[in-house]
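Structural description and commentary
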Amino acid sequence: MISGFWLPQFPLPLIRVGVNLPSISDRRQLVVMVLDTGATRSAIHPLDAMHTFGMSAASLDSAVWRTTNSSGGVGGKANFMTVPAKYALYRDDGTTPEILGGTVELAEMTPQNQSLPSLLGWDVLQHFRIILEGQNSVRLQRL
Amino acid sequence: MRGTALDPNPGFDEANRVQRFWTENYAELSARFPDRFVAVSRATNEVVATNKDLTLLVDGLRDKGFDPQTDVSIDFVAAGERNLFL
């Protein structure tokens, strides 16, 4: 079982994920992501891009990207760049983590999304049974 | 310090410690620095920079000699209840 958590100051189901972005950094960084059943794809927002992955603000400007995806959400449209990603989800018993390869959407920095958390969307969640019991329990189990 | 699948960066002990700090101090930080990004030294737990803009915060940290990726933890501290529609 892979457990997540809630924080009193941030009432959303959260989970720690080891994220490796090989085109950005050779480090696997531990990222706190929202378990977002409303997102089709996982996304890294600017706070994690700059703080956790050490990216510069200039590199989060879509003007310097080769390709850009425009995606819609309740907050409006935003630009993203798709980059390769590997996800590690850590089991409670400390045994070998679940590793998933794929991509992640890297968000262009805007005044509106600077403070948003990164999102774990259905591209990853579709591989798991999701168990939510109010704020008492957030768990994922590999299908 | 290089993270691997089995040993990510930061490690779980450090992540737990940082998370505990933010949870225990969030109310006080929210009162002092409402709606600002706050950077806290990982070594001393002292607030070393705040700003309403993330880019300016990170630039300011570098000017002060901090590595924003490894020397501090950064979070956005909302003035009140935080409602997100993701």
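Computed from a predicted model, the values in this text were never measured in an experiment.

1. Section: the overall build of chain A
A count of helices and strands for chain A gives two helices and eleven strands. Reading chain A from its N terminus to its C terminus gives the helix and strand order β-β-β-β-β-α-β-β-β-β-α-β-β. Relative to its length of 143 residues, chain A is compact, with a C-alpha radius of gyration of 15 Å against a globular reference of 15 Å. By principal-axis analysis of the C-alpha atoms, chain A measures approximately 45 × 30 × 25 Å. A burial count over chain A gives 41% of its 143 residues as buried. Sequence separation of 24 or more characterises 62% of the internal contacts of chain A that already satisfy a separation of 6 or more.

2. As for the environment of Thr67(A)
Within the fold, Thr67(A) resides in the loop between helix 1 (46-52) and strand 6 (69-73). C-alpha of Thr67(A) to C-alpha of Gly38(A): the two residues are 29 residues apart in sequence and 24 Å apart in space.

3. Concerning helix 2 (residues 54-63) of chain B
Buried residues of helix 2 of chain B: Leu54(B), Leu57(B), Val58(B) and Leu61(B), and no others. All buried residues of helix 2 of chain B lie within an arc of 95 degrees about the axis, which places them on one face of the element. Next to the buried residues of helix 2 of chain B lie helix 1 of chain A together with strand 1 (36-41), strand 2 (47-51) and strand 3 (72-77) of chain B. Positive backbone phi, at 95 degrees, marks Gly65(B), one or two positions downstream of helix 2 of chain B.

4. Some thoughts on the sheet that holds strand 1 of chain B
Residue and element names in this part refer to chain B. Ordered by their spatial adjacency, three strands build an open sheet running 2-1-3, and the pairing between neighbours is antiparallel. Every other strand in the sheet has two partners, leaving strand 2 and strand 3 as the edge strands with one partner each. Neighbour to neighbour, the strand axes of the sheet diverge by 20 degrees on average, direction disregarded. Where strand 1 and strand 2 come together, four bridges link them in antiparallel fashion. Within strand 2, the position partnered with Val 40 by the bridge is Val 47. Set on the sheet, helix 1 (residues 12-32) makes contact with strand 1 and strand 3; between it and strand 3 the angle comes to about 45 degrees. On the sheet, helix 2 packs against strand 1, strand 2 and strand 3 and is oriented at approximately 145 degrees with respect to strand 2.

5. Examining helix 1 of chain B
Taking 1.5 Å of rise per residue, 21 residues should cover 30 Å, and helix 1 of chain B covers 29 Å from first to last C-alpha, within 8% of that figure. Along its length, helix 1 of chain B shows its largest kink, about 60 degrees, at Tyr26(B).

6. Some details on the nonpolar core
Core analysis: the biggest nonpolar cluster contains 49 residues, and Val17(A), Met33(A), Leu120(A), Ala39(B) and Leu57(B) have the highest contact counts within it. Looking at this core element by element, the count peaks at seven residues for strand 7 (residues 76-89) of chain A. Ignoring any residue separated from it by four or fewer positions in sequence, one finds Val17(A) in contact with Val31(A), Met33(A), Tyr87(A), Ala88(A), Leu89(A) and Leu120(A).

7. Description of the sheet that holds strand 10 (residues 128-133) of chain A
Two modes of strand pairing occur in sheets, parallel and antiparallel, and in both the strands are linked by backbone hydrogen bonds. Residues and elements named next belong to chain A. Spatial strand order, 1-11-10: three strands in an open sheet with antiparallel pairing. Whereas interior strands pair on both sides, the edge strands pair on one side only; in this sheet they are strand 1 (2-3) and strand 10. Both strand 10 and strand 11 (residues 137-142) contribute to a ladder of six bridges, which runs antiparallel. By the bridge assignment, Leu 132 is partnered in strand 11 with Val 138.

8. As for unusual backbone geometry
All names here are of chain B. With an omega of -5 degrees, the peptide bond between Asn 9 and Pro 10 qualifies as cis. One non-glycine residue, Asp 35, lies in positive phi territory at about 55 degrees. Of note, Asp 35 is situated in the loop between helix 1 and strand 1.

Thresholds, definitions, all that
- Residues numbered from 1 in each chain as written.
- Chains lettered and ligands numbered in written order.
- Predicted model: local features only at pLDDT ≥ 70, side-chain atom pairs only at ≥ 80, totals over all residues.
- Helix = DSSP H or I, 4+ residues; strand = E, 2+ residues; numbered from the N terminus.
- Rg over C-alpha atoms; globule rule 2.2 N^0.38 Å.
- Buried ≥ 20, exposed ≤ 12 C-beta atoms within 10 Å, placed from the backbone.
- Contact = placed C-beta atoms within 7 Å.
- Arc of directions from axis to C-beta.
- Pairing = 2+ DSSP bridges.
- Axes fitted to C-alpha atoms, helices over the stretch in contact; angles between N-to-C directions.
- Expected span 1.5 Å × (residues − 1).
- Bend = angle between axes of the 7 residues up to and from the residue.
- Core = buried A, V, L, I, M, F, W, Y, C linked by C-beta atoms within 7 Å.

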